[in-house]
Amino acid sequence: MGEPLDIFGRPVEDRRLVICTGPCCDRDGQASENLAALKNLLIRNGLSEETIGLASCVRRNCLGKCCSEPLARVTPDDVWYHELTGENLLRIFEQHVLKRLPVAELVLPPED
């Protein structure tokens, strides 16, 4: 098995936005639509090239936390996000992954 790749086919960086596209998150195709929208927004905003070597966006089949889908997680910070859209994913990537400032209103509350 080869090295993991990001949504642009490049090696994965340590700082990354991991987007779940598993069966719960993609039940109605929402996660796949969000991922496609994010990729287009990154290209349009020039971030697909600017972030080489700094950060990645990665698709995973299941993150194993099936609640408030669709979900994403920022690593290595281990912060989970919900209520996702392509625009929200771009905001999380720009603000949290690149600038290290979590997007408080989209953070998934911790489980009790």
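Structure's up top.
Because the structure is predicted, anything quoted here is derived from the model rather than measured. (Residues numbered from 1 in each chain as written. Predicted model: local features only at pLDDT ≥ 70, side-chain atom pairs only at ≥ 80, totals over all residues. Heavy atoms only, no water.)

1. Examining the side chain of His96
Spelled out, the test is: Secondary structure follows DSSP: runs of H or I at least 4 residues long count as helices, runs of E at least 2 residues long count as strands, and numbering of each begins at the N terminus. Each polar contact in these results corresponds to two N or O atoms within 3.5 Å; when the atoms are within protein, one needs to be able to donate a hydrogen and the other to accept it, and residues that are neighboring in sequence are counted only if both atoms are side-chain atoms.
Within the secondary structure, His96 is located in helix H3 (residues 86–98). Within the local environment of His96, its side chain forms a polar contact with the side chain of Asp77, the two groups lying 2.7 Å apart.

2. Observations regarding the packing of aromatic side chains
What counts, and what does not: Two rings from Phe, Tyr or Trp (for Trp, the six-membered ring) form a pair when their centres sit within 6.5 Å of each other. Planes less than 30 degrees apart are called stacked, planes more than 60 degrees apart edge-to-face, and all others tilted. Think of it as a cone above the ring: NZ of Lys or CZ of Arg counts as a charge over the ring if it is within 6 Å of the ring centre and within 35 degrees of the ring normal.
A full pass over the atoms with the stated rule returns zero aromatic pairs. Note that Lys65 overlies the ring of Trp80, its terminal NZ or CZ placed 4.9 Å from the centroid.

3. As for the pattern of salt bridges
Under the convention used in this document: Basic side-chain nitrogens of Lys or Arg form a salt bridge, by our definition, when they fall within 4 Å of a carboxyl oxygen of Asp or Glu.
Inspection of every chain in the model, using the stated rule, returns four salt bridges. In this structure, Asp77 and Arg15 form a salt bridge, with 3.1 Å as the shortest nitrogen-oxygen distance. Placement of Asp77 in the loop between strand E3 (72–75) and strand E4 (79–81) and of Arg15 in the segment before strand E1 (16–20) is noted, with a sequence separation of 62 residues between them.

4. Quick notes on helix H1 (residues 30–44)
Basically, it comes down to this: What a helix should span is 1.5 Å times the count of its residues minus one. Note on classification: 1.4 Å probe, protein chains only; a residue is buried when its accessible area is under 20% of the maximum for its type, exposed when over 50%, partly exposed between these limits. Think of it as the arc spanned by the lines of direction from the helix axis to the C-beta atoms. Note on definitions: a residue-residue contact is assigned when non-hydrogen atoms from the two residues lie within 4.5 Å.
Counted at 1.5 Å a residue, the expected span for H1 with its 15 residues is 21 Å, and the 21 Å between its end C-alpha atoms agrees. Looking at H1, one finds that the buried residues are Ala31, Asn34, Leu35, Leu38, Leu41 and Leu42. Projected onto a plane normal to the axis of H1, the buried residues spread over an arc of 130° and lie on a single side. Exposed residues on H1 whose side chains face more than 90 degrees from its buried face are Asn40 and Arg44. For H1, the elements touching its buried residues are E1, helix H2 (47–50), strand E2 (56–60) and H3. Just past H1, the residue Gly46 takes up positive phi, approximately 75°.

5. A word on the sheet that holds E4
This is how the line gets drawn: Only when DSSP finds a minimum of two bridges between them are two strands counted as paired. Only the stretch in contact is used when a helix axis is fitted, and all axes are lines through C-alpha atoms; the angle between N-to-C directions ranges over 0 to 180 degrees.
If you walk across this open sheet you meet the four strands as E2-E1-E3-E4, and the pairing is mixed. Bordering the open sheet on either side are E2 and E4, each of which pairs with just one other strand. Going from strand to strand, the sheet's axes swing by 25° on average, the running direction of each strand aside. Looking at chain direction, E3 and E4 are connected through three bridges and run antiparallel. Residue pairing in the sheet places Val74 in a bridge with Val79 of E4. Of the strands in this sheet, E1, E2, E3 and E4 touch H3, which is tilted by about 150° from E1.

6. A closer look at the nonpolar core
Defined as follows: Residues enter a nonpolar core if they are buried and are Ala, Val, Leu, Ile, Met, Phe, Trp, Tyr or Cys, with the set joined through side-chain atoms within 4.5 Å.
Counting 22 residues, the largest nonpolar core has Leu17, Leu38, Leu42, Tyr81 and Ile92 as its most contacted members. Looking at this core, the elements that each hand over two or more residues are E1, H1, E3, E4 and H3. Per-element accounting of this core gives the leading share, five residues, to H3. Core analysis: the second largest hydrophobic core is formed by eight residues, Val18, Cys20, Trp80 and Leu108 among them.

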